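A closer look at the structure
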Amino acid sequence: MFMNQCILCKAELTLNEKPEHILLDALGGRATTKEVICSACNNEMGSGPDKDLAESVASLRTIANLKSGSRKKAPSLSVSPGNGDAYELHPTGNTTPKIQKALDLGQDEDGNPTLSISARDEQHLENLLEAAAKALAVPPEKHDAFKDMVRKDAVVKSTPAAAFSSQLALGSKKSLEAMAKACLVLWAKLIGNSEVCDTRYDEIRDFIRKSKQPTSEAKNFGTDTRPFSGSSSRFGENANIVWVGSNDQGAVRGYFRLYGAVGWTFCLCEKSEFRNRSIVLISDPLDQSRWVCGEEHGHLLNYEWVGERPSYDEIDWDEPKRKFGLIMAHGHEQMLETAFDTIVRQSFDDFGIEEGASVPPDMIEKFSSRLAHKFAYLVTKQPYEEPYATKPRAGSQGTNDNET
């Protein structure tokens, strides 16, 4: 008979509980369990501490295009720079401008109608042209002529997105509670719910569920930036780590390392019956398929190393800067690759050539010229614009008179 209790609220678990990610799905976690936390606590944590932890690294995930453990894409980032137009930054590196007023109808000083259109892309432009024709009461039989007239004045603009800064608030809000919960779930997976439901774990449980700080000074949670290379050979230098272990006195400590850069230590219990035991979950956020979880890997960290964390004023912040720099470099490299790929694909589309097919000899010069032109603007980060009417279209074979 299934008689496990939820390690947070101690309600009896059923066979139909929601899967609980040991390491958050948003952080690349793949391992789940239905035998540790009830669905109610899963939902409560998901909308509180887990949400705070995920949001604290959302901008980093966007820039580095870090997918979730379930392979969902990283979130897009809303950017409002002080020295440029607002835009949406997507994890691929593409941006979507935030247009304040896409269709603006007005009058000049003489009372003549004026029209201003700001479109995100060609399809958006065509939709706005149709809306403008209707708004200006253009007869249906003259819609096409009206659209052609407006297209002749349209300009395609490509402007480098304004730079922005985003501060990572690691360990903020209820994030630490989510980390402590991950440690407690992992420990329960190793030694069972019955031990973790004991009152000896009530202080860490109250911290996770009620944000209640431990009463003992010795149980304060510590931040750690010491270099750690135990996982770099298999999981890269930016591995996410959840480790729990006990010493020969039965004291249990949890350790949560975020992107290989910053770690936090948690006191789970001072006197466990399970001594000299350890378990670890390690995951590569750059490749979600690379991860391990089990007692056989627990030796990658040890109780003594976890317990020797420095005091706050001794923390060296150079190491996390280096680790986050590695993720940023990975993200920028991916974005550049995506930008080059986008230019190539768009050029094939513009000339009506199937991607991967051979460029006809009579189009090579114009095709190559267009590629070189766009690449030059990309690498020099210069604004680029061209008349919409002269932009090559599919099937035009590079001619510029298709929009007359």
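Residues numbered from 1 in each chain as written. Predicted model: local features only at pLDDT ≥ 70, side-chain atom pairs only at ≥ 80, totals over all residues. Heavy atoms only, no water.

**What about the overall build of the chain?**
Convention followed: Numbered from the N terminus, helices here are DSSP runs of H or I no shorter than four residues, and strands are runs of E no shorter than two. For a compact globule the rule gives 2.2 Å times the number of residues to the power 0.38, and the radius of gyration it is set against comes from C-alpha atoms. Only protein chains enter the accessibility calculation, which uses a 1.4 Å probe; a residue whose area is less than 20% of its type maximum is buried, one above 50% is exposed, and one in between is partly exposed. The sign given to each residue is positive for Lys and Arg and negative for Asp and Glu; His and the chain ends receive no count. A charged residue contributes its charge at one atom only: NZ of Lys, CZ of Arg, CG of Asp or CD of Glu.
Secondary structure assignment for the chain yields twelve helices and 15 strands. For 404 residues, the compact-globule formula gives about 22 Å, and the C-alpha radius of gyration of the chain, at 28 Å, lies well above that figure. Viewed in the frame of its principal axes, the chain has a C-alpha envelope of about 85 × 45 × 45 Å. Residues counted as buried form 44% of the 404 residues belonging to the chain. For the chain, the centre of its 48 positive side-chain charges and the centre of its 59 negative side-chain charges are spaced 4 Å apart.

**Details of the packing of helix α11 (residues 318-350) against helix α12 (residues 364-380)**
The criterion, for reference: Axis definition: a line fitted to C-alpha atoms, over the contacting stretch in the case of helices. Angles run 0 to 180 degrees between N-to-C directions. Angle categories are assigned with fixed cut-offs, so that under 35 degrees is roughly parallel, over 145 is roughly antiparallel, 65 to 115 is roughly perpendicular, and the rest are oblique. Crossing handedness: left-handed means the near helix sits turned counterclockwise from the far one by under a right angle, and right-handed means the same turn made clockwise. Should any heavy atoms of two residues lie within 4.5 Å, those residues are counted as being in contact. Three classes are used: nonpolar for Ala, Val, Leu, Ile, Met, Phe, Trp, Tyr, Cys and Pro, charged for Asp, Glu, Lys and Arg, and polar for all others, with Gly counted as polar.
Running from amino to carboxyl end, α11 crosses α12 at an angle of 150°, the nearest separation of the two axes being 10 Å. Relative to α12, the element α11 lies roughly antiparallel. For the pair α11 and α12, the crossing hand works out as right-handed. Packed against α11, whose contacting residues are L336, A339, F340, I343, V344, Q346, S347, F348 and D350, the element α12 presents F367, R370, L371, K374, F375, L378 and V379 at the interface. Across the contact of α11 with α12, the residue classes break down as eleven nonpolar, two polar and three charged.

**With respect to helix α8 (residues 202-210)**
Residues spaced three or four apart along an α-helix point in a common direction, a consequence of the helix completing one turn every 3.6 residues. As a reminder, the rule being used: Read the arc as the range of directions from the helix axis to the C-beta atoms.
Buried residues of α8: I204, R205, F207 and I208, and no others. Down the axis of α8, the sector holding all buried residues measures 160°, keeping them to one side. Its buried side turned inward, α8 meets α1 (39-46), α6 (175-191), α7 (193-196) and β12 (262-269). In the stretch just after α8, S211 is the one whose phi turns positive, near 60°.

**Here's the deal with the pattern of salt bridges**
Put simply, the rule is: Each salt bridge in this description consists of a side-chain nitrogen of Lys or Arg and a carboxyl oxygen of Asp or Glu lying within 4 Å of one another.
Taken as a whole and judged by the stated rule, the model has 26 salt bridges. Here R290 makes a salt bridge to D284, at a shortest N to O gap of 2.5 Å. Judged by relative accessible area, which is 33%, R290 ranks as partly exposed. Exposure remark for D284: the relative accessible area of 3% places this residue in the buried category. Residue R322 pairs with E319 through a salt bridge whose shortest N-O separation is 3.1 Å. Of this pair, R322 and E319 both sit in helix α11, three residues apart, which is roughly one turn of the helix. On the accessibility criterion, R322 (39% relative accessible area) is partly exposed. Take E319: its relative accessible area is 12%, and that puts it in the buried class.

**Focus on the packing of helix α4 (residues 122-135) against helix α5 (residues 143-153)**
Their axes nearest at 10 Å, the elements α4 and α5 cross at an angle of 120°. The orientation of α4 with respect to α5, classified from their angle, is oblique. α5 is crossed by α4, and the crossing has right-handed handedness. When α4 is examined against α5, the residues E126, L129, E130, A132, A133 and K134 are found in contact with a partner set consisting of H143, F146, K147, V150 and R151. Within the contact of α4 with α5, the residues separate by chemical class into five nonpolar, one polar and five charged.

**Comments concerning the sheet that holds strand β4 (residues 87-89)**
Which entries qualify depends on this criterion: Here the rule is simple: two strands pair whenever DSSP picks up at least two bridges between them.
Here three strands make up an open sheet; going across it, the order is β3-β4-β5 and the pairing antiparallel. Every other strand in the sheet has two partners, leaving β3 (77-79) and β5 (95-97) as the edge strands with one partner each. For this sheet, the mean inter-axis angle between neighbouring strands, taken without regard to orientation, is 25°. Alignment of β3 against β4, held across three bridges, turns out to be antiparallel. Residue pairing in the sheet places S78 in a bridge with E88 of β4.

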